[in-house]
Amino acid sequence: MADIIKLPGNFIGPVDREKLESFGGHTIAHGRATRWRWDKNADGDDIFEIHTGGAADTLAVCIDRDRELDQYIAHDAAGYTIVSGALDHVFAELDGYLARLHGEFPDTPA
């Protein structure tokens with residue numbers, strides 16, 4: 001008899017995990033963050049966090065996946081939605097959002 005594997009409700013696959021980690025590295029390389037990490041939300045689903053550092057190691061953004069809507073959702077530290085949609089769209093919007101948080105001008109190339 002085969003074992004039944006219960007995946008998290010909003011499972012993030014290995015390919016998307018790699019893309020998220022790469023985006024975290026991109027953000028750090030541009031000086032807009034100091035670290036990224038994987039965590040779990042209250043439902044036990046994986047979330048990807050980007051931190052801006054400082055004395056309090058400030059959370060800037062967390063990204064999770066909504067399986068029912070088939071989209072990724074980025075939230076700010078207060079839990080407000082910044083952007084949702086396909087992962088590439090979320091990355092594009094977050095790149096500008098994090099640049100503004102970092103004090104860069106809107107027209108500065110990433």
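What counts and what doesn't
Residues numbered from 1 in each chain as written. Predicted model: local features only at pLDDT ≥ 70, side-chain atom pairs only at ≥ 80, totals over all residues. Heavy atoms only, no water. Helix = DSSP H or I, 4+ residues; strand = E, 2+ residues; numbered from the N terminus. Polar contact = N/O pair within 3.5 Å; in protein donor to acceptor, adjacent residues only side chain to side chain. Pairing = 2+ DSSP bridges. Axes fitted to C-alpha atoms, helices over the stretch in contact; angles between N-to-C directions. Contact = heavy atoms within 4.5 Å. Parallel < 35°, antiparallel > 145°, perpendicular 65-115°, else oblique. Left-handed = near helix turned anticlockwise from the far one by under 90°. Nonpolar A, V, L, I, M, F, W, Y, C, P; charged D, E, K, R; others polar.

**Student:** Give a detailed account of the environment of Trp 38, specifying residues and quantitative values.
**Tutor:** Within the element layout of this structure, Trp 38 appears in strand 1 (residues 35-40). Put simply, Trp 38 and Glu 21 are 17 residues apart on the chain and 9.2 Å apart in space, counted from C-alpha to C-alpha. Of note is the side chain of Trp 38, whose polar atom sits 2.7 Å from the side chain of Glu 21.

**Student:** Could you give me a rundown of the sheet that holds strand 5 (residues 81-85), with the residues and numbers involved?
**Tutor:** As summarised here, the arrangement of the five strands in space is 1-2-3-4-5, forming an open sheet in which the pairing is antiparallel. Every interior strand has two partners, whereas the edge strands, strand 1 and strand 5, have only one. Across the sheet, the mean angle from the axis of one strand to that of its neighbour is 20°, orientation sign disregarded. Across six bridges, strand 3 (residues 58-66) lies against strand 4 (residues 71-76) in antiparallel orientation. In the sheet register, Ile 63 faces strand 4, and the bridge partner there is Ala 74. In this fold helix 2 (residues 87-101) packs onto strand 2 (46-53), strand 3, strand 4 and strand 5, with an angle of close to 160° to the strand it touches most, strand 5.

**Student:** Describe the packing of helix 1 (residues 14-29) against helix 2, naming the residues involved and giving the relevant values.
**Tutor:** Their axes nearest at 12 Å, the elements helix 1 and helix 2 cross at an angle of 15°. Between helix 1 and helix 2, the interaxial angle falls into the category roughly parallel. The interaxial crossing formed by helix 1 with helix 2 has right-handed handedness. Between helix 1 and helix 2, the residues in contact are Asp 16, Lys 19, Leu 20, Phe 23, His 26 and Thr 27 and Leu 87, Phe 91, Leu 94, Asp 95 and Leu 98, respectively. Its residues placed into classes, the contact of helix 1 with helix 2 shows six nonpolar, two polar and three charged.

In short, shape yes, function no, at least from these values alone.
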